[in-house]
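Spelled out, the chains give:
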Amino acid sequence: MEAWIVLATWVFVLLAGVVAGRTAAAAADHAVAVRNAHAHPVQAVQVEDAARAPQGVPEYSDGSVWAKVSWTVAGVTHTGLTKVEPGQRAGTAVTVWTGRGGELVTRPVGDDQARVQARLVGSLVGACAAGGMLVCGLFARGRLDRRRMEEWDREWESVGPRWRRTIG
């Protein structure tokens, strides 16, 4: 029985990991594609001068600064903050990304970045699904071990007293 449980556990670990990982990767890829499809580039005009240098720039920063910009979508003028090059003057044309209603959205990710995101999501979900199956298999084997120990205890209760008499 234990051999079948071990075999079934490893089969389910492999299947769950692969199927869940591929499904999650496809879903993540689709989500990125949908998000990218709803982002549109729009020309905006910088409303205020940008700071000359970024404040407290961490090492991973791209060196840009925040500035107020204005753009028009479907006859409605919007304003918001976006990152621009340091020192840019008011009136400079800037490309921003907007959603359906003209609101600012993040720049769409490139194909390489989308692929990496999908692979990471797929790997994590696949590992979690495989780990879940492995835990279930370990739980089943633990139940078998406990049942065996209970059977051995019952047998020892009947055999133990007779065996002790022969030792003394």
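How each quantity is defined
- Residues numbered from 1 in each chain as written.
- Predicted model: local features only at pLDDT ≥ 70, side-chain atom pairs only at ≥ 80, totals over all residues.
- Heavy atoms only, no water.
- Core = buried A, V, L, I, M, F, W, Y, C linked by side-chain atoms within 4.5 Å.
- Buried < 20%, exposed > 50% of the residue type's maximum accessible area, 1.4 Å probe, protein only.
- Helix = DSSP H or I, 4+ residues; strand = E, 2+ residues; numbered from the N terminus.
- Contact = heavy atoms within 4.5 Å.
- Patch = residues over 30% accessible without salt bridge, like charges linked within 9 Å, V, L, I, M, F, W, Y side chains within 5 Å.
- Areas by Shrake-Rupley, 256 points an atom, 1.4 Å probe, with all protein chains shown as cover.
- Salt bridge = Lys/Arg side-chain N within 4 Å of Asp/Glu carboxyl O.
- Pairing = 2+ DSSP bridges.
- Axes fitted to C-alpha atoms, helices over the stretch in contact; angles between N-to-C directions.
- Polar contact = N/O pair within 3.5 Å; in protein donor to acceptor, adjacent residues only side chain to side chain.

Digging into the nonpolar core
One finds Val42, Ala44, Ala50, Val65, Ala67, Val69, Trp71, Val73, Val84, Val94 and Val96 forming the largest nonpolar core, which totals eleven residues. Where this core is concerned, the elements lending two or more residues are strand 1 (40-46), strand 2 (65-73) and strand 4 (93-98). The element that contributes the greatest number of residues to this core is strand 2, accounting for five residues. Not counting residues up to four positions away in its chain, the partners in contact with Trp71 are Val42, Gln43, Ala44, Val76, Thr77, His78, Thr79, Gly80, Val96, Thr98, Gly102 and Leu104.

Digging into a nonpolar patch on the surface
Taken together, the side chains of Trp4, Leu7, Val11, Phe12, Leu15 and Met133 make up a nonpolar region of the molecular surface, amounting to roughly 620 Å² of accessible area. For the nonpolar patch, the element with the highest residue contribution is helix 1 (residues 2-37), accounting for five residues. Tracing the backbone through its elements, the reader meets Leu7 in helix 1. Exposure remark for Leu7: the relative accessible area of 46% places this residue in the partly exposed category.

A closer look at the sheet that holds strand 4
Read across the sheet, four strands follow the order 3-2-1-4 without closing on themselves; strand pairing throughout is antiparallel. One side of each edge strand has no neighbouring strand; the edge strands of this open sheet are strand 3 (76-84) and strand 4. Taking the axes of each pair of neighbouring strands and ignoring which way they run, one obtains an average angle of 45° across the sheet. Across two bridges, strand 1 lies against strand 2 in antiparallel orientation. Within strand 2, the position partnered with Val45 by the bridge is Ser70.

Examining the pairing of strand 2
Strand direction decides the pairing type here: strand 2 and strand 3, joined by nine bridges, are antiparallel. From the neighbouring strand, Val73 faces strand 3, where its bridge partner is Val76. Turn length for the strand 2-strand 3 hairpin, with the two strands adjacent in sequence and antiparallel, is two residues, and the turn residue Ala74 shows positive phi of about 55°.

Description of the side chain of Ser70
Relative to the assigned elements, Ser70 resides in strand 2. Within the structure, the side chain of Ser70 is placed 3.4 Å from the backbone oxygen of His78, a separation counted as a polar contact. The residues contacting Ser70, other than those within four sequence positions of it, are Ala44, Val45, Val47, Thr77, His78 and Thr79.

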